[in-house]
Amino acid sequence: KDSSNICSIENVSKDLTPSATVWSLDDFDVKDHVLGKGKFGRVHRAQEKQSKEIVALKVLSKSQLSSGSSELLLLRREVEIQARLIHENILRLFGFFHDEKFVYLILEEATGGELYKVMARKPASRFQEV
């Protein structure tokens, strides 16, 4: 699909549903613990209520993702790429949804933390591929 004709979060949602499941915030028990912060939002640890699976819930503010903006295009690309990638060394995108104020990305939790922080603690180290 041509990504240049994005005009809203709703179009992203219609075009890029990675699974048949329709998610909502009610499907998750969102923990107070913030795993990370960024320019557009935060990443929270959450538990999917039915399966009890622990996930990272990336919460992005729609007010920061204005229609037609480059940020919205980057979000679309992130979803397009992560929805198709299945590799043991890349976090999975399980799905996404949105409400009036936020866009939510349901991601595999990175139990070891952020890679750049691990690398910063051991600048001269080499990492073994697993």
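Anything mentioned here points back to the structure above.
Below or above, wherever it landed, is the structure these notes cover.

Rules and cut-offs
- Residues numbered from 1 in each chain as written.
- Predicted model: local features only at pLDDT ≥ 70, side-chain atom pairs only at ≥ 80, totals over all residues.
- Heavy atoms only, no water.
- Salt bridge = Lys/Arg side-chain N within 4 Å of Asp/Glu carboxyl O.
- Helix = DSSP H or I, 4+ residues; strand = E, 2+ residues; numbered from the N terminus.
- Buried < 20%, exposed > 50% of the residue type's maximum accessible area, 1.4 Å probe, protein only.
- Pairing = 2+ DSSP bridges.
- Axes fitted to C-alpha atoms, helices over the stretch in contact; angles between N-to-C directions.
- Contact = heavy atoms within 4.5 Å.
- Expected span 1.5 Å × (residues − 1).
- Phe/Tyr/Trp six-rings, centres within 6.5 Å; stacked < 30°, edge-to-face > 60°.

What to know about the pattern of salt bridges
Here the idea is simple: oppositely charged side chains can pair when their charged atoms come close. Scanning all chains against the criterion turns up four salt bridges. For Lys58, the salt bridge identified is with Glu78, shortest N-O distance 3.0 Å. A residue pair is termed long-range when its members are at least 10 positions apart, and Lys58 in strand S3 (residues 54–61) and Glu78 in helix H2 (residues 70–84) qualify at 20 residues. Using a relative accessible area of 22% as the deciding quantity, one classes Lys58 as partly exposed. Since its relative accessible area comes to 23%, Glu78 is described here as partly exposed.

Things to note about the sheet that holds S3
Across the sheet, which stays open at both edges, the five strands sit in the order S1-S2-S3-S5-S4 with antiparallel pairing between neighbours. Edge positions in the sheet fall to strand S1 (28–37) and strand S4 (93–98), since each of these pairs with one other strand and no more. Averaged over all neighbouring strand pairs, the angle between strand axes comes to 25°, with direction disregarded. Relative to strand S5 (residues 102–108), S4 runs antiparallel, the two sharing five bridges. Residue pairing across strands places Gly95 opposite Ile106, the latter belonging to S5. With respect to the sheet, H2 is in contact with S3, S4 and S5, its orientation differing from that of S5 by roughly 25°.

Thoughts on H2
Taking 1.5 Å as the rise per residue, H2 with 15 residues should run 21 Å; its terminal C-alpha atoms sit 22 Å apart, in good agreement. For H2, the set of buried residues is Leu72, Leu75, Arg76, Val79, Glu80 and Gln82.

Some remarks on unusual backbone geometry
Phi angles above zero are rare outside glycine, and Lys52 is one such case at about 70°. Turning to its location among the elements, Lys52 is positioned in the loop between strand S2 (41–48) and S3.

Side note on the side chain of His44
Take His44: it is sitting in strand S2. Setting aside its immediate chain neighbours within four residues, His44 contacts Val30, Lys31, Asp32, His33, Val34, Leu35, Val55, Ala56, Leu57 and Val59.

Comments concerning the packing of aromatic side chains
All told, the structure shown has four aromatic pairs when counted by the stated rule. For the pair Trp23 and Phe28, a centre-to-centre distance of 5.4 Å together with 35° between the ring planes defines the contact as tilted. Classification of Phe28 as buried rests on a relative accessible area of 4%. Grouped by ring-pair contacts, the aromatic residues Trp23, Phe28, Phe97, Phe102 and Tyr104 constitute a single cluster.

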